[in-house]
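Residues per chain, in single letters:
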Amino acid sequence: MDENTPPPLISSSRVLFYAIVDSTVRFTPRNVLYVDGVELGAVPRLAVGKNLIDEDVFLLHCDAGWNSLGTSGSGDIDNVMAEANRRYDGLATKWIKSPYGELDVAKSIVDLYVDQRCSFCGRYHIELGASSMIEGKNAAICGECIERFHAVLINSNPDQSDAPNHET
Ligand SMILES: [Zn+2]
């Protein structure tokens, strides 16, 4: 793999197609694109990515090392590519299908999330959704386990519950 080939995943998104913005491609933005308030200009690498969790498809604007500098667009592959082709003249013929198969992608997901497993039920972050894991220094806990332990605590320690105190 050389620098002209992206990794299977960029920023938790599966690469579907990618393109190198070489000297035959000209940056001609029809609309200004802002990322965190900063205008995003020409980039050397572009990829059509699919988010692993919500499966949204969008354009990843990347540096030469395939790090995402920002994303734009949303929808299907054709729409996202068409938006990129409007920003870069000569890009339309540059798109290359990702060479990676399911196994490559699965391995990358494991590498990415290997440390992000619930320490209690053992499930991976990716199985549980983006916001349902709390990570500590050496452990992580998922939302379902938090609810389970909360219920256990309330049942075993009535003083901590919201139930009104009994008169003595
Ligand atoms: Zn859990």
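Residues numbered from 1 in each chain as written. Predicted model: local features only at pLDDT ≥ 70, side-chain atom pairs only at ≥ 80, totals over all residues. Heavy atoms only, no water.

Participant: Looking at this model, I keep getting lost on the pairing of strand S6 (residues 45–51). Mind explaining?
Facilitator: Every regular strand shows the same layout, with side chains that alternate between the two sheet faces. Judged by how many residues are buried, S6 sits mostly within the fold: 5 of 7 residues are covered. Relative to S6, strand S2 (residues 13–20) runs antiparallel, the two being bridged by 7 bridges. Directly across from Phe17, in S6, lies its bridge partner Val48. By the bridge criterion, 6 bridges tie S6 to strand S7 (residues 57–62) in an arrangement that is antiparallel. (Buried < 20%, exposed > 50% of the residue type's maximum accessible area, 1.4 Å probe, protein only. Helix = DSSP H or I, 4+ residues; strand = E, 2+ residues; numbered from the N terminus. Pairing = 2+ DSSP bridges.)

Participant: Help me understand unusual backbone geometry, please; the structure alone is not making it clear to me.
Facilitator: Apart from glycine, the bulk of residues carry a negative phi angle, and the bulk of peptide bonds sit in the trans form. A positive phi is found at Ser12, a non-glycine position, where the angle reads about 65°. Its location among the elements puts Ser12 in the loop between strand S1 (9–10) and S2. Exposure remark for Ser12: the relative accessible area of 26% places this residue in the partly exposed category.

Participant: Honestly, the coordination of the zinc ion in this entry has me stumped. Any pointers?
Facilitator: A metal bound by six donors in octahedral fashion has ideal angles of 90 or 180 degrees, whereas one bound by four tetrahedral donors has an ideal angle of 109.5 degrees. Coordination sphere of the zinc ion, protein contribution only: Cys118 (SG), Cys121 (SG), Cys142 (SG) and Cys145 (SG), at 2.3 to 2.4 Å. Viewed at the metal, the 4 donor atoms of the zinc ion are separated by angles of 106 to 114°, and the geometry they form is tetrahedral. Each donor residue of the zinc ion lies on one chain, and together they are spaced C-x2-C-x20-C-x2-C. Judged by its relative accessible area of 0%, Cys142 is buried. (Donors = N, O, S within 2.8 Å, 3.2 Å for Na, K, Ca; no water. Tetrahedral: all angles 85-135°; square planar, octahedral: opposite > 155°, others 65-115°.)

Participant: Can you walk me through the nonpolar core in this structure?
Facilitator: One broad rule of soluble globular proteins: the nonpolar side chains tend to lie buried together. Within the largest apolar cluster, 18 residues are counted, with the highest numbers of intra-cluster contacts made by Val21, Leu46, Val48, Leu59, Tyr88, Leu91 and Trp95. At the level of elements, S2, S6, S7 and helix H1 (77–87) are the ones that each hand at least two residues to this core. If one sorts the elements of this core by residue count, H1 sits on top with 3 residues. Residue contacts for Leu46: discarding those within four places in its chain leaves Tyr18, Ala19, Val21, Leu59, Leu60, His61, Trp66, Tyr88, Leu91 and Trp95. Counting 9 residues, the second largest nonpolar core, distinct from the first, contains Ile10, Ile20, Ala47 and Phe58. (Core = buried A, V, L, I, M, F, W, Y, C linked by side-chain atoms within 4.5 Å. Contact = heavy atoms within 4.5 Å.)

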